[in-house]
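A closer look at the structure
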Amino acid sequence: MGFSFSKLLGRDKIASEDTIEAIIASVEHKPYGISESNVLFSGMNELGGYLFYQTVIVGELSVKVKNGATLTFKGENFELTLNSDSLEFESSSTETNGRNATNIDFQIEESDIKKLQNAKLKEIVLKVKKREILFTKYKN
């Protein structure tokens with residue numbers, strides 16, 4: 001059930017302009033969603049009996065937040081909104097120019113896990129500060 005981000009950030013310089021394909025190629029984990037300029041990596045995790053939905057957004061997103069974020073999953077007859085576990089978080093720059101990594105953990109109830117796993121998602125929306133980033137489910 002665990003999800004590790006220990007090798008998530010690419011440490012090689014990319015000679016050309018950063019792209020979604022370059023981000024995906026440089027990260028060992030399979031993406032969950034993609035937007036125009038960001039890739040969403042995510043998974044369930046548990047710590048001391050407490051469940052949370054762990055995310056890392058890699059790409060152009062660069063924020064310093066003091067009032068949290070929401071992550072909304074939308075699909076066929078399905079909508080689930082998760083609130084961030086912490087109100088304060090910020091992006092970190094990576095060694096690749098113009099690429100940042102933003103770690104956000106979201107609260108999730110055990111009853112919502114199966115619903116999310118069985119949902120046919122159409123989009124995932126991250127609301128952070130005054131921004132709304134629309135991700136589509138990644139298919140390879």
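So, here's what we can say about the structure. None of the values given here were measured: they were computed from a predicted structure.

For the protein, the helix and strand inventory stands at two helices and 11 strands. Listing every helix and strand of the protein by position from the N terminus yields α-β-β-β-β-β-β-β-β-β-α-β-β. The buried share of the protein, taken over its 140 residues, is 48%. A separation of at least 24 residues holds for 57% of the contacts in the protein among residues at least 6 apart in sequence. Carbon and sulfur atoms provide 44% of the accessible area of the protein, an area that totals close to 8300 Å².

A word on unusual backbone geometry. Its identity as a non-glycine residue notwithstanding, asparagine 77 has a phi of 50°, on the positive side. Among the structural elements, asparagine 77 can be located in the loop between β5 (69-75) and β6 (78-83). Its identity is not glycine, yet lysine 129 carries a phi of approximately 55°, on the positive side. Assignment of secondary structure puts lysine 129 in the loop between β10 (121-128) and β11 (131-137). Of the residues examined, lysine 129 reaches a relative accessible area of 52% and is grouped as exposed.

Our next topic: the pairing of β11. One ladder, built from two bridges, connects strand β1 (residues 33-34) with β11; its direction is antiparallel. Looking at the pairing, isoleucine 34 lines up with threonine 136 of β11. The sheet contact formed by β10 and β11 spans five bridges and is antiparallel. Residue pairing for β11: leucine 126 is matched across the bridge by isoleucine 133. What sits between β10 and β11 in their antiparallel hairpin is a turn of two residues, with lysine 129 showing a positive phi close to 55°.

Over the atoms rolls a probe the size of a water molecule, and in doing so it shows where empty space is left. Of the voids in this model, the largest pocket is the one considered here, and its volume is about 170 Å³. Lining of the largest pocket is provided by Tyr32, Ser42, Gly43, Met44, Tyr53, Ile108, Ile113, Leu116, Gln117, Ala119, Leu121 and Lys137. Where the lining of the largest pocket is concerned, the elements lending two or more residues are β2 (38-47) and α2 (110-118). Along the lines of polarity and charge, the residues of the lining of the largest pocket split into eight nonpolar, three polar and one charged.

Secondary-structure assignment places threonine 72 in strand β5. Of note is the side chain of threonine 72, whose polar atom sits 3.0 Å from the side chain of threonine 81. Not counting the four nearest positions on each side in its chain, threonine 72 is found in contact with Glu79, Leu80, Thr81, Glu123, Ile124 and Val125.

Reading across the sheet, the nine strands line up as β6-β5-β10-β11-β1-β2-β3-β9-β8 and stay open at both edges, with antiparallel pairing between neighbours. Edge positions in the sheet fall to β6 and β8 (92-93), since each has one partner strand and no second. Running at roughly 135° to β6, α2 makes contact with β2, β3 (50-59), β5, β6 and β10 of the sheet.

What follows is about the environment of lysine 30. Following the sequence through the fold, lysine 30 ends up in the loop between α1 (20-26) and β1. Residue contacts for lysine 30: discarding those within four places in its chain leaves Phe41, Tyr138 and Asn140.

Analysis parameters
- Residues numbered from 1 in each chain as written.
- Predicted model: local features only at pLDDT ≥ 70, side-chain atom pairs only at ≥ 80, totals over all residues.
- Heavy atoms only, no water.
- Helix = DSSP H or I, 4+ residues; strand = E, 2+ residues; numbered from the N terminus.
- Buried < 20%, exposed > 50% of the residue type's maximum accessible area, 1.4 Å probe, protein only.
- Contact = heavy atoms within 4.5 Å.
- Areas by Shrake-Rupley, 256 points an atom, 1.4 Å probe, with all protein chains shown as cover.
- Pairing = 2+ DSSP bridges.
- 1 Å grid on protein atoms, 1.4 Å probe; cavity = no way out; pocket = protein on both sides within 12 Å on 5 of 7 lines; lining within 4 Å.
- Points joined across faces, edges and corners; volume = space filled by probe spheres on them.
- Nonpolar A, V, L, I, M, F, W, Y, C, P; charged D, E, K, R; others polar.
- Polar contact = N/O pair within 3.5 Å; in protein donor to acceptor, adjacent residues only side chain to side chain.
- Axes fitted to C-alpha atoms, helices over the stretch in contact; angles between N-to-C directions.

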